[in-house]
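Chain and residue survey
So the chains spell out like this:
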Amino acid sequence: MPIKNTMNSAYDKLTQKQVNLLQAEEGTSAKQIILYTKDNVSTSDVTSSESGTIRDKWGNEIEFLFSCIALSVGLGNVWRFPFIALANGGGAFVIPYVIVLLLIGRPVYYMEVILGQFSSRGCIKAFGMVPLMKGIAYGQVYSTAVATTYYASIMALTIKYLISSFAAILPWTYCRPEWGPECIATSEVLPQTPANETATKHVSSAELFFTKSVLREAESLDEGLGTPSWDLILCLMAAWTLIAVILIKGIRSSGKASYFLALFPYVVMFVLLWRALTLPGALDGIVYFLKPQWDQLLNPQVWYNAITQMFFSLAICFGTLVMYASFNNFRKNVYRDVIIITSVDSVTSILAGCIIFGILGNLAYETNSSDISKVVKGGAGLAFISYPEAIAKFKHLPQVFAVLFFLMLLVLGMGSNVGMASCVITVIKDRFPYLRHWMLATAMAVLGFLCGIIYMTPGGQFILNLVDFFGCSFIALFLAIAELMTIAWIYGVKRLCQDIEFMLGVKTGLYWRICWALITPGLMFAVLVYTLITLEPLTYNGVGYPVSVYNIAWIIWAIGVVQLPLWALHAIYKQKGTTFMEKFYNSLKPCRNWGPADPKLYQEYLLYRKTLPENDGIHSHDDRSLWSRFCNNIFH
């Protein structure tokens, strides 16, 4: 379409009264309005950013759905959820888990998706709604970048096991001379110790293969990290190469890859579920997993674990959801997608638990163990010790099931890591739009690989455990509360709901508003208080850390949290005003260009704001009581 015709068509849609209104309220000239509206390209294809560059869009709506599923459904669903559930009431844990899904997981997920889609900006620029709190996004990006490094290291271990699964004899099924007499091959049955004799400690070959051959794990960090394993370094390089290939063309390539990343794990899961159900003893394992321990529902630790599991399982408050949603079409109905994604994530966790404990039930049956918990090792031990040990018991084609399982883990890890790496890359590209995406993807892979080498050392698992808590989980908890309070009470639930109505044409129900304003931030604050009260020096396998290493861990944590006050001071300094308080107050209000990134939609949004009886109930200086303003924010 010729530019002249586009300009005339767009300008015709703005009446002279509307132009005068925009000129008076926004300081925008009629010529500027025409220049804005002449760029009215189809929002189904691209969105213009403030810098004048064209922002990519998903190839279709399904790509966003599958990408979010690939991001949220990850390694934590497969090996963390089953043992969190087992340790916290078994089947009864599902009750607090579902309640937490409805009160925290789903409301926060919806809020972040709305924020990203409405602004069409990455998580940093999305905080233009409240410039004072932009440090939240910087801290989240820092935490996400840290998480990509150790997440890729787990992928490297998975690749190592995947390659080993093609051997004629699975290498973790037999003992090696250097492992000593305590080793017992996974194909053997643990000998029964007479009651009048001292029990001899036996260690399975699967555990020794993981700790001695793969990790070469150190007893502690007292003598340093040790020398990296070259085979693991090559596996780490392969992991980052795969990530870079998927990211090389941005959303256009990662969106296409999402079909495989989201669907393939379920193909494997159902194959493994079918296999598990055909094994003797499998039903006992599933019953052991799902059997409710109702007394655990009164234990605050159970609710704490349910909240933290939901928080990290859905990948909320890490900036990745805002980034993914920013590539959506402005009018896309994301409500339906949020319901689907959050439900799929929870169902997947329960499905994975049934698979895991079905196979572990068979392992208990084969080893004549009456207590399934005795054959269980949580965390990484489940994926790389218990599960390989169980697969070794398969009488037919154990290599096939080993390949399927570790390929599934690799795909799950890749889906999550692609999302986290994309978040970091999008933030950089939003700030420097002239940089080519393939350059950023390559640089991200190289830096991630170099940082990940530390996890490939004998002391690497010590560092991974430390970085996971101080560089990711603990930082995210602080910043999540700050984000929820910022959106709910500074920007305001009322204005957020108005934005949703402008974008989707629907009014937001009371359930969402009460969760955003009160229940969700309240529960997250309770989790923070509980964490601080019960905080103890971190250990790995019962071994503590040297003081110097622990101090470095606190520095890693401080770098993430200090982003909030540092960027707050920067935002205040950049605001117009003659006094500090005036600058501070201005930094609490949305920046001047806050709204849809598309110029035409932005003009429509400005006009929409003028039609509202109140422009912003939270920020207005009126004579209403604090209680009245509190109620107005939630129950408008």
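Attention in this report is confined to the structure presented alongside it.

The rules behind these values
- Residues numbered from 1 in each chain as written.
- Predicted model: local features only at pLDDT ≥ 70, side-chain atom pairs only at ≥ 80, totals over all residues.
- Heavy atoms only, no water.
- Phe/Tyr/Trp six-rings, centres within 6.5 Å; stacked < 30°, edge-to-face > 60°.
- Helix = DSSP H or I, 4+ residues; strand = E, 2+ residues; numbered from the N terminus.
- Buried < 20%, exposed > 50% of the residue type's maximum accessible area, 1.4 Å probe, protein only.
- Disulfide = S-S within 2.5 Å.
- Salt bridge = Lys/Arg side-chain N within 4 Å of Asp/Glu carboxyl O.

Topic: the packing of aromatic side chains
All told, the structure shown has 53 aromatic pairs when counted by the stated rule. With 5.8 Å between their ring centres and 80° between their planes, Y110 and Y335 make a pair best called edge-to-face. On the criterion of sequence distance, the pair formed by Y110 in helix α6 (residues 94–119) and Y335 in helix α15 (residues 334–366) is long-range, its members being 225 residues apart. Each ring, one from F330 and one from F502, has its centre 5.9 Å from the other, and the planes form 65°; the classification is edge-to-face. Placement of F330 in the loop between α14 (320–325) and α15 and of F502 in helix α19 (residues 460–504) is noted, with a sequence separation of 172 residues between them. The pair formed by F330 and F502 is uniform in burial state, with each residue classed as buried.

A look at the state of the cysteines
Cysteine pairs can be linked by a disulfide, which is a covalent bond between their two sulfur atoms. Taken as a whole, this structure holds 1 disulfide when the rule is applied. Two residues, C175 and C183, share a disulfide whose sulfurs are 2.0 Å apart. Judged by the sign of its S-S torsion, about -85°, the cystine formed by C175 and C183 is left-handed. Residue class for C183 comes out buried when judged on its relative accessible area of 11%. In this structure C423 is a free cysteine whose sulfur lies 4.2 Å from that of C123, the closest cysteine sulfur available. By relative accessible area, C423 is classed as buried at 1%.

Quick look at the pattern of salt bridges
If you walk through the whole model with that rule in mind, you get 9 salt bridges. Among the salt bridges present, the one from E63 reaches K256, with a minimum N-O distance of 2.9 Å. Taken together, the residues E63 in helix α4 (residues 61–72) and K256 in helix α11 (residues 251–277) connect sequence positions 193 residues apart. For K256, a relative accessible area of 48% puts it in the partly exposed group. With its nearest N and O atoms 2.7 Å apart, the salt bridge here joins K332 to D337. Summarising the burial analysis for this pair, K332 and D337 share the class buried. By sharing partners, the salt bridges in this structure join E61, K332, R336 and D337 into a single network.

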